[in-house]
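Coordinates in review
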Amino acid sequence: MKYIFEILLCLVIVSGVSASDAVLWRQELSCDSNSTCKPGALMVDKNSNEVIILGTSKQTDTKETTCWLWKINPNGVVTHKKSLGVESKHSSFMARIFGIKSIVQPDTGDVVRLKLDNNNSVSLSVTDRNILTRTAELDSGQDWAEGILLHGIAPCKNGDLLIVGQDNGAGIVMRTDISGNVKWKKTFDTEQTENLTSVAYSADGNDFYVVGLSASMVGKMEFEDAAEVCVLRYDGDGKLKVGDFFKGGVAPWPTSSPKIVCLASGKVVVVYDKSNNVKATELYAKIYTRELTPLGEKQMLKTKEDGPPAFFDVCATSENRFVLIGVVDYKDLRIYECKEDGTILQTLELDGKVGGGATRVYVEYLTGKIFVAFASRSQENAEGTKIELLALKPYKAD
């Protein structure tokens, strides 16, 4: 382990650039002067060449939570800002813990987000390119279990959606149309507690990949009882083709939920927390072939022993690369741009940038820029936060 870490450190020193040189522009987004504003999702619309952010604001007086949408062009100019309405208590709580689960439909540009209502119903909120919003209840033909968790969403080639999560203690994978009609629903159950957390389509769009955790909720959590990471490959009809299972971290916190991305080359990247300490994070990237044959793994980020668990995000970029972003010690950002084998091309360190306590961070890629969104302290309101969006230069060999 020490040997791997020293190799990665050398790669960072050789290939790294200063953060100030990498930042192309920054944009601050606020909701209003009497609220705390935090990001919940970062997306890109490749057809309209726009960056899209969903965020939440919480009023300091009424405690109501409102969902907001921003559209920003590649030069950092905000072209649209709109309130999407007050969120239910259930939905706002889930957004704070797990983020806002949403995608952009590639063909239409519709922004689709999952909503959990107070009556335990699940709905799709669809905002089109004209910023008009409609809502459709997600209808599976049966009542949803109390405490259902929906963690991942991905667009299908024909306009449908893939959704993964947990229902009644078992992992679920389902396909639905944009109107909320569930076409099929599959259950993944190993007789423990399964939670599927991330989904991504293959580069050719024929198969899709899901990652999640399987853990026993009984007894004391020791490293030998660590949550098991499940990496699953399905065909377009929801038939499980192959899976890989290995030990993950000691505690399945929301911060530790594994994520999966597919590269244009066909390779699959899984980022997960391998820490044996509930007060620390060790992020690893595990690389697979399209057939889910493991090619190896590398340690990417490690926090100090007594630090808080680190929120993180990952995205695929051009040239068969991926970018990982993580929070260290509540307020410092670490951004790693990597080749498809996990070799780090550049590391950016942005210290003291994150504000507002434990908060999620997000990363995306569009038109030769890496975009990063996080909450930062408001200059006007010491108790409030704003959303900060950075555009960064990707690594270029000399």
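About the cut-offs
- Residues numbered from 1 in each chain as written.
- Predicted model: local features only at pLDDT ≥ 70, side-chain atom pairs only at ≥ 80, totals over all residues.
- Heavy atoms only, no water.
- Helix = DSSP H or I, 4+ residues; strand = E, 2+ residues; numbered from the N terminus.
- Buried < 20%, exposed > 50% of the residue type's maximum accessible area, 1.4 Å probe, protein only.
- Disulfide = S-S within 2.5 Å.
- Pairing = 2+ DSSP bridges.
- Axes fitted to C-alpha atoms, helices over the stretch in contact; angles between N-to-C directions.
- Core = buried A, V, L, I, M, F, W, Y, C linked by side-chain atoms within 4.5 Å.
- Contact = heavy atoms within 4.5 Å.
- Phe/Tyr/Trp six-rings, centres within 6.5 Å; stacked < 30°, edge-to-face > 60°.

1. Let's talk about the overall build of the protein chain
Counting its regular elements, the protein chain contains 3 helices and 28 strands. Evaluated residue by residue, the protein chain yields a buried proportion of 58% over its 398 residues.

2. A short note on the state of the cysteines
Summed over all chains, the structure comprises 1 disulfide. Here Cys31 connects covalently by a disulfide to Cys37, the sulfurs 2.4 Å from one another. Disulfide Cys31-Cys37: the torsion about the S-S bond is 45°, which places it as right-handed. Residue Cys37 is classed as buried on the basis of its relative accessible area of 1%.

3. Focus on the sheet that holds strand S28 (residues 385–392)
One open sheet accounts for 4 strands, arranged S1-S28-S27-S26; its pairing is antiparallel. Edge positions in the sheet fall to strand S1 (23–29) and strand S26 (362–366), since each of these pairs with one other strand and no more. In this sheet, adjacent strand axes meet at a mean angle of 25° when their direction is disregarded. The pairing of strand S27 (residues 369–377) with S28 spans 8 bridges and is antiparallel. Among the inter-strand pairings, Ile370 is bridged to a residue of S28, identified as Leu392.

4. As for the nonpolar core
With 20 residues, the main nonpolar core has Leu333, Ile335, Val372 and Leu392 as its most contacted residues. Breaking this core down by element, the ones donating at least two residues are strand S23 (321–328), strand S24 (332–339), strand S25 (344–350), S26, S27 and S28. Residues contacting Leu392, with those up to four places away along its chain left out, are Ala22, Val23, Leu24, Ile335, Leu348, Lys369, Ile370 and Val372.

5. Quick notes on the packing of aromatic side chains
If you walk through the whole model with that rule in mind, you get 8 aromatic pairs. Considering the side-chain rings of Phe246 and Tyr272, the 4.9 Å spacing of their centres and the 65° angle between planes classify their relative orientation as edge-to-face. With Phe246 in strand S17 (residues 240–247) and Tyr272 in strand S19 (residues 268–273), the pair connects residues that are 26 residues apart, well separated along the chain. Judged by its relative accessible area of 1%, Tyr272 falls in the buried class.

6. Here we look at the pairing of strand S10 (residues 149–155)
Burial of S10 is extensive: 6 of the 7 residues sit out of reach of the surface. Bridge count for S10 against strand S11 (residues 161–167) is 6 bridges, and the pairing is antiparallel. By the bridge assignment, Ile153 is partnered in S11 with Ile163. In sequence, S10 turns back onto S11 through a hairpin of 5 residues, with Gly159 there showing a positive phi of about 100°.

So far we have only geometry, and geometry alone does not tell us how the molecule works.
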